[in-house]
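# A look at the structure
Listed below are the residues making up each chain.
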Amino acid sequence: MSMSDWKITGQLENLTGNWVYYVCSGIAAFANLHLSRHVDNPGQDHVATNNGEYYYYGVTGTFNQAAQHAPQAVRQALVDAWNNYFTVR
């Protein structure tokens, strides 16, 4: 899998800027995750659980506060999804 396996599922303009959302349907471990790309501020790009509880900001390598207490498997899935999206093969 690689960046090309992530498909755009939507876009939104809101008070924080312009967002583009992606999902990866080819990897079961990523089924409950999405990638959000911030058009105006790439430093805000993140992978999050679909319920919006846990976030991983790959640019800085940090998690949101809730994710700091998430199960290790969730944290690892967020990191793995980020790395998968940015893998070029």
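Here goes a summary of the coordinates provided. (Residues numbered from 1 in each chain as written. Predicted model: local features only at pLDDT ≥ 70, side-chain atom pairs only at ≥ 80, totals over all residues. Heavy atoms only, no water.)

## Re the pairing of strand E1 (residues 6-14)
As a general feature of sheets, a regular strand has side chains that alternate between the two faces. Bridge analysis of E1 against strand E2 (residues 17-24) gives eight bridges, and the strand direction is antiparallel. Residue pairing for E2: Leu12 is matched across the bridge by Trp19. Joining the antiparallel neighbours E1 and E2 is a turn of two residues. (Pairing = 2+ DSSP bridges. Helix = DSSP H or I, 4+ residues; strand = E, 2+ residues; numbered from the N terminus.)

## Looking at the packing of aromatic side chains
In the structure shown here, the tally under the stated rule is eight aromatic pairs. Here Tyr56 and Phe63 contribute two aromatic rings whose centre-to-centre distance is 4.9 Å and whose plane-to-plane angle is 45 degrees, an arrangement assigned as tilted. Using a relative accessible area of 15% as the deciding quantity, one classes Phe63 as buried. Taken together through their ring pairs, the aromatic side chains of Trp6, Tyr22, Phe30, Tyr56, Phe63, Trp82, Tyr85 and Phe86 make up a single cluster. Over the face of the ring belonging to Phe63 we find Arg75, whose NZ or CZ atom lies 4.1 Å from the ring centre. (Phe/Tyr/Trp six-rings, centres within 6.5 Å; stacked < 30°, edge-to-face > 60°. Buried < 20%, exposed > 50% of the residue type's maximum accessible area, 1.4 Å probe, protein only. Lys NZ or Arg CZ within 6 Å of the ring centre and 35° of its normal.)

## A word on the environment of Gly61
In this fold, Gly61 is placed in the loop between strand E5 (55-57) and strand E6 (62-63). For the pair formed by Gly61 and His46, sequence separation is 15 residues and the distance between their alpha carbons is 9.8 Å.

## With respect to helix H1 (residues 72-85)
Taking 1.5 Å of rise per residue, the 14 residues of H1 would be expected to cover 20 Å, and the 20 Å separating its terminal C-alpha atoms lies within 8% of that figure. Those residues of H1 not exposed but buried are Ala77, Leu78, Val79, Ala81, Trp82, Asn84 and Tyr85. Buried-residue contacts for H1 involve E1, E2, strand E3 (33-38), strand E4 (46-49), E5 and E6. (Expected span 1.5 Å × (residues − 1). Contact = heavy atoms within 4.5 Å.)

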